Amino acid sequence: MTVSVEVPEVGESVTEAIVANWLKSEGDYVEENEVIAELDTDKISVDVAAPASGVLSSLNYEVDDPVDVGAVIAEIDTEAEAEAGGGEPDTEEDGAAEAVDEAPVEAESTEEADEPEAPSSDGAGLSPAVRRLVEEHDVDPARIESSGPKGR
């Protein structure tokens, strides 16, 4: 059986996103609720999880392609798990990587909210829309002067 992976609703006024990154490739085995893609909107980044376990049989969009909310971005073949070569060990490595990625987020949340973090030259702390503009125009975020409240 084939299961469709759809772009989730991410907000009331958001109708479109951009495929920022595929975390899995076509032919990879994925577990149910495993993050397989990252999408960027003007305001947030969204992780797209697999709705079922199986083999990722097709990716319908490339990185940087715009996608509408509800669009089918991939297909998962739930009956092909025996044909997938070695998907199980990859999921353990991905879980370890996710645990490492979560630690800095928790550390940042303990900082005072009133003190804005100055943008670094790698674009950390920027919204997805600003990060994309900075990359497109080859601008160093550390050189951008803030003009908003609290240094934004």
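Residues numbered from 1 in each chain as written. Predicted model: local features only at pLDDT ≥ 70, side-chain atom pairs only at ≥ 80, totals over all residues. Heavy atoms only, no water.

### Thoughts on the overall build of the protein
Worth spelling out the cut-off: Segments assigned H or I by DSSP are reported as helices when at least four residues long, segments assigned E as strands when at least two residues long, and all are numbered from the N terminus. Categorising residues by exposure relies on relative accessible area from a 1.4 Å probe, with only protein chains included: less than 20% of the type maximum marks a residue as buried, more than 50% marks it as exposed, and the intermediate range marks it as partly exposed. With residues, only the protein chains shown are counted as cover, and all accessible areas are computed by Shrake-Rupley using a 1.4 Å probe.
When helices and strands are counted, the protein shows two helices and eight strands. Secondary structure elements in the protein, listed N-terminal to C-terminal, are β-β-β-β-β-β-β-β-α-α. Looking at the protein as a whole, 26% of its 152 residues are labelled buried. Only carbon and sulfur atoms are counted for the fraction: they give 46% of the accessible area of the protein, which is about 9900 Å².

### With respect to the environment of Ala74
Convention followed: The contact rule is simple, with two residues in contact once any of their heavy atoms fall within 4.5 Å.
Mapped onto the secondary structure, Ala74 falls in strand β8 (residues 72-77). As a C-alpha pair, Ala74 and Ile36 span 38 residues in sequence and 9.5 Å in three-dimensional space. Among residues more than four places away in sequence, those in contact with Ala74 are Val3, Ser4, Val5, Trp22, Leu56, Ser58, Leu59 and Asn60.

### Here's the deal with the pattern of salt bridges
Operational definition: For this document, the term salt bridge refers to a Lys or Arg side-chain nitrogen within 4 Å of an Asp or Glu carboxyl oxygen.
The final tally for this structure, using the stated rule, is one salt bridge. Put simply, Lys24 and Glu34 hold a salt bridge, and the shortest N to O gap is 3.1 Å. In this pair, Lys24 is assigned in the loop between β2 (16-22) and β3 (29-30) and Glu34 in the loop between β3 and β4 (35-40), connecting sequence segments 10 residues apart. Both residues of the pair, Lys24 and Glu34, belong to the buried class.

### As for the sheet that holds strand β5 (residues 45-49)
Let me state the cut-off plainly: DSSP bridges decide pairing: two strands pair if at least two such bridges lie between them. For helices, the fitted axis covers only the stretch in contact; all axes are lines through C-alpha atoms, and the angles between them, taken along N-to-C directions, range from 0 to 180 degrees.
Taken in spatial order, the four strands make up an open sheet running β5-β4-β2-β7, and their pairing is antiparallel. Two strands close off the open sheet at either side, each with one partner strand: β5 and β7 (66-68). Sheet twist, expressed as the mean angle between neighbouring strand axes with direction ignored, is 45°. Judged from the five bridges that link them, β4 and β5 form a sheet pairing that is antiparallel.

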